[in-house]
Amino acid sequence: MKQDRTEIWRKHYAQGRGFRPLGVRERALLAEHAPPPRDGRPGRALDVGCGTGELAAALAGLGYAVDAVDFAPEAITRAHAEHSGVLPQVRFLCLDVEHDELPHPPEGNGPGYDLITMRSCVAFIRDRSRLLHALGARLRTGGALVVITPVVAHTPEARRHIALEEDELDLIAEGFEETGRFDAEGLAVLVLRGPKGSFTAVEKLRPAPQAVLGAAAVVTDGAGRVLLGRSTRSMWELPGGRVETGESAQAAAVRELAEETGLTAHEDAAHVVTVLHDDRLDVRRVTPVVRVTGWAGELGLPEPHRFSRWEWHPPHTLASLGRIFMPSAQALNAVWPGVLPGLPPVHSYPCESGVPPVPGEPVEAGRLRGRMADAVIRRGWAPSPAVRAALREVPRHRFVPEAPLETAYDDDLAVVTVREDPGTAVSSVSAPWLQADMAERLRPEPGSAVLEVGSGGYNAELLAHLVGPRGRVVTVDIDPYVVRRTRRLCAEAGSGRVTAVLGDGALGAPAHVPAGGFGGVIITHTASDIAPAWREQLAEGGRLVVPLDVAGYTRSVALVRRGDVLVAEHWTYCGFVRDRGGAARAVPAAVLAGGAVTARWEGGVAGDVPALDEALRGRRHELATGVVVPGRYSFETLQLYAATTQRGFCRLSGAKDPALIAQQDAAAIVSGGSLAYLTHVAIHDAPDPVDRLSEFRVHAYGPAAPGLAERLAGCVRAWDRRVRDRGYPPMTVHPADTRDDELPPGDVFDMPSARLVLRWPGRTARVPGPAAPPAAAAERA
């Protein structure tokens, strides 16, 4: 189909033919409604389907720098020849906007275009809504998309294939907040601004009784885009319909696909992934969701009385399509959980039918994945060939189907997939650099079994790539939705070597432990404890990689099992969502100073809250430490040093108020009704942040402020002398019932199920750690 279309247009331009010349009215409308920006920066325009370049030259005359694209090489050749005088302002590019990656403005022009035009070409675009959505995403804020097209009502019957009906014009405008329509000598000129980003799941009238059981077919193309039809009821729908007497859901889906679209599929390529059940008025509606994994034929429009067009849509754009038929919306969300948020509840009965993975991704995904991998490798997070290969091959975007490709493949960005409320993330796909680093520290062997606590899909598939065909990954999560999502997305795009298990991760995966234990255990949430099951289910010499919360500071720590002891081998500064289930714990906290300050005792024992509140009303004592650090210097070891060596350690947070607390997040120590916290102030400014200097200072309140300030300042000075350039200390993790006299020398930090011993340089005597939970303390007494 594409080849035939290409050949037609190549001959069209090679024979010297063109389109209707650009009219005076069109030029006037462009100048009036889409002039170049007046804020002093150069305007940038994209002309889609530029043909021989007449409109691109006109835009250059208005003052735009123009990218003009067409998929016919002969058109670009003629454009160069016929408009050579504007070439410094116009960049003619040969590409197919329906299949190739859309262009970006050249470096230095900033993100997006001020104007995108489509003249006399929109009628020839098959996946029109998808392309318009993609073009809208290329606009700067305030930019305009101008569509100029013949209208059926003003076009001779023999040429109506180049024109649009009124409902097609309405569909184009439906995707934008601001729309204007003008007439230009029989042509419709649409000026569109503000791409919309929402959808609405809508209903039809009461279903006929015989239509209570209807199959929905989910079909994707080679670029991973899903097929939807624009029905004559002005909504998007999946192929599908009622199940006839004696017919299976798979057979119905295949039959309806052929009848509605012209595409053919075999029943053995149709798989029921779940059965949905909801109520529509007084009818119980049951919808088997059928995933079609292979098809043939050319997309057509066999039932124009029911559908006006069929288009392929990337999953991440579904939430901005507007009106979607409710059962279709629920089916899409069943195949890609989370892709359409906010739908009403529906009963779902998943079918464990062994649906094979479905291939397909856009060309741009491969380019962005390579760019992501290059960035992670360049920053030193993936030194091993195995992890580098996994980053380049595992399709990250397919595990965050709700996210644009650029977001999915941002090397420094975690993608939140589940929220408890608008401000609290409970599940996410972590940043690629951190996933690469944790995989490197885990060092999974080919053929081994790995346990992941905290599911999502992508990280498990990275590990599955590393353990290879003979290995396996067990991923466990406490949230049923997260597990269902992981299973579905791994079925769509996975290796078949990931087993998602519903359960409390603090218990590991007791029913799946291989003989001898897991070769590696990786935790993908912040852990405020080392659950005994993680060590017990780990093979001797195996590695546990865990984002460990020590007094509120999270570090990804790689631990190696040596009998009942875990030995730390590596630390990485990081952040994760909080733990849930049995490992979760409440942190004592107090609101002070009328709500301006919050104190959190991550170690577990709160201070004298009334006295501290009173102290903050008094005079502040200040003390310089004399310890200076350059800009962008990481003092992450200082946080951990103070937290594990200072009695009464806590953290202060609140609105930055120089008169009270000059640090939004501050390490602090309390004693009785006094407190001291650490801040840093600029003492030397410079254009380059690296050349700036700051000094650590201590602010203290309460009757014991001077002595407490001196103690905290002494901690900072000791860190500066002994630790600052030496990195993290050796650390061992012991079971909670280990007696004091059985521990090695060092500073002890107690957790509910574990005792951490840190051997900081220059400190030989053991000092009391934070008070242990009552149960653990009683066992040691």
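1. Overview of the overall build of the protein
Broken down by element type, the protein carries 19 helices and 36 strands. The principal-axis extent of the C-alpha atoms belonging to the protein is close to 95 × 70 × 50 Å. Of all 781 residues assigned to the protein, the portion counted as buried reaches 54%. In the protein, the proportion of contacts linking residues at least 24 apart, taken out of those at least 6 apart, comes to 63%. By element, 53% of the accessible surface of the protein is carried by carbon and sulfur atoms, the whole surface being about 32,600 Å².

2. Examining the packing of helix H12 (residues 432–442) against helix H13 (residues 458–467)
Viewed as axis vectors pointing N to C, H12 and H13 meet at an angle of 40 degrees, and their least axial separation amounts to 11 Å. Classified by the angle between their axes, H12 and H13 sit oblique to one another. The element H12 and its partner H13 pack so that their crossing is right-handed. Each of Gln 435, Ala 439 and Leu 442 in H12 lies in contact with H13, whose residues at this interface are Tyr 458, Asn 459, Leu 462, Leu 463 and Leu 466. Each residue belonging to the contact of H12 with H13 can be placed in one class, and the counts come to 6 nonpolar, 2 polar and no charged.

3. Quick notes on the state of the cysteines
Counting across every chain of the model gives 0 disulfides. Cys 50 takes part in no disulfide bond, and the closest cysteine sulfur, belonging to Cys 94, lies 9.0 Å away. Of all cysteine sulfurs in the structure, the one in Cys 50 sits closest to Cys 121, which takes part in no disulfide; the separation is 9.4 Å.

4. Examining the packing of helix H2 (residues 24–33) against helix H3 (residues 54–62)
Viewed as axis vectors pointing N to C, H2 and H3 meet at an angle of 45 degrees, and their least axial separation amounts to 11 Å. In terms of their interaxial angle, H2 and H3 are classed as oblique. Along this stretch, H2 crosses H3, giving a crossing that reads as right-handed. Note on element contacts: H3 touches H2 through Glu 54, Leu 55, Ala 58, Leu 59 and Leu 62, opposite Arg 27, Leu 30 and Ala 31. Taken together, the residues that form the contact of H2 with H3 break down as 6 nonpolar, no polar and 2 charged.

5. Thoughts on the pattern of salt bridges
One pass over the structure, following the stated rule, counts 53 salt bridges. In this structure, Glu 74 and Arg 10 form a salt bridge, with 3.0 Å as the shortest nitrogen-oxygen distance. Of the two residues, Glu 74 is situated in helix H4 (residues 73–82) and Arg 10 in helix H1 (residues 2–14); the sequence distance between them amounts to 64 residues. Assessed through its relative accessible area of 32%, Arg 10 is described here as partly exposed. Between Arg 130 and Asp 127 there is a salt bridge; the shortest N-O distance is 3.5 Å. Of the two residues, Arg 130 and Asp 127, both sit in the buried class. A single salt-bridge network, built from bridges that share partners, covers Arg 128, Glu 168, Arg 309 and Glu 311.

6. Brief notes about the pairing of strand E9 (residues 214–219)
Moving residue by residue along a regular strand, the side chains alternate between the two faces of the sheet. Across the 6 residues that make up E9, a large majority, 6, are buried. Alignment of E9 against strand E12 (residues 240–242), held across 3 bridges, turns out to be antiparallel. Within the sheet, the bridge partner assigned to Gly 214 lies in E12 and is Arg 242. Where E9 lies against strand E14 (residues 283–292), 4 bridges are found, and the strand directions are parallel. Note on E14: the bridge partner recorded for Val 218 is Arg 291.

7. Thoughts on the sheet that holds strand E7 (residues 187–195)
Whether parallel or antiparallel, the strands of a sheet pair through hydrogen bonds between backbone atoms. Within the open sheet, the 7 strands sit side by side as E3-E2-E1-E4-E5-E7-E6. Their pairing is mixed. Edge positions in the sheet fall to strand E3 (90–94) and strand E6 (176–184), since each has one partner strand and no second. Direction aside, the axes of adjacent strands within the sheet are offset by 15 degrees on average. Alignment of strand E1 (residues 43–48) against strand E2 (residues 64–70), held across 6 bridges, turns out to be parallel. By the bridge assignment, Val 48 is partnered in E2 with Val 69. Of the strands in this sheet, strand E5 (139–150), E6 and E7 touch helix H6 (residues 166–174), which is tilted by about 140 degrees from E6.

8. Thoughts on the nonpolar core
Residues Leu 340 and Leu 391 are the most contacted members of the largest nonpolar core, which totals 69 residues. Top element by residues in this core is H13. It accounts for 7 residues.

9. Details of the environment of Pro 357
As for its placement among the helices and strands, Pro 357 is situated in the loop between strand E17 (347–350) and helix H9 (363–378). Note on Pro 357: relative accessible area 44%, which makes it partly exposed. Spatially, the C-alpha atoms of Pro 357 and Ala 491 are 5.5 Å apart, while their sequence positions differ by 134 residues. Ignoring anything within four residues of it in the chain, the contact list for Pro 357 reads Ala 491, Glu 492 and Gly 494.

What counts and what doesn't
Residues numbered from 1 in each chain as written. Predicted model: local features only at pLDDT ≥ 70, side-chain atom pairs only at ≥ 80, totals over all residues. Heavy atoms only, no water. Helix = DSSP H or I, 4+ residues; strand = E, 2+ residues; numbered from the N terminus. Buried < 20%, exposed > 50% of the residue type's maximum accessible area, 1.4 Å probe, protein only. Contact = heavy atoms within 4.5 Å. Areas by Shrake-Rupley, 256 points an atom, 1.4 Å probe, with all protein chains shown as cover. Axes fitted to C-alpha atoms, helices over the stretch in contact; angles between N-to-C directions. Parallel < 35°, antiparallel > 145°, perpendicular 65-115°, else oblique. Left-handed = near helix turned anticlockwise from the far one by under 90°. Nonpolar A, V, L, I, M, F, W, Y, C, P; charged D, E, K, R; others polar. Disulfide = S-S within 2.5 Å. Salt bridge = Lys/Arg side-chain N within 4 Å of Asp/Glu carboxyl O. Pairing = 2+ DSSP bridges. Core = buried A, V, L, I, M, F, W, Y, C linked by side-chain atoms within 4.5 Å.

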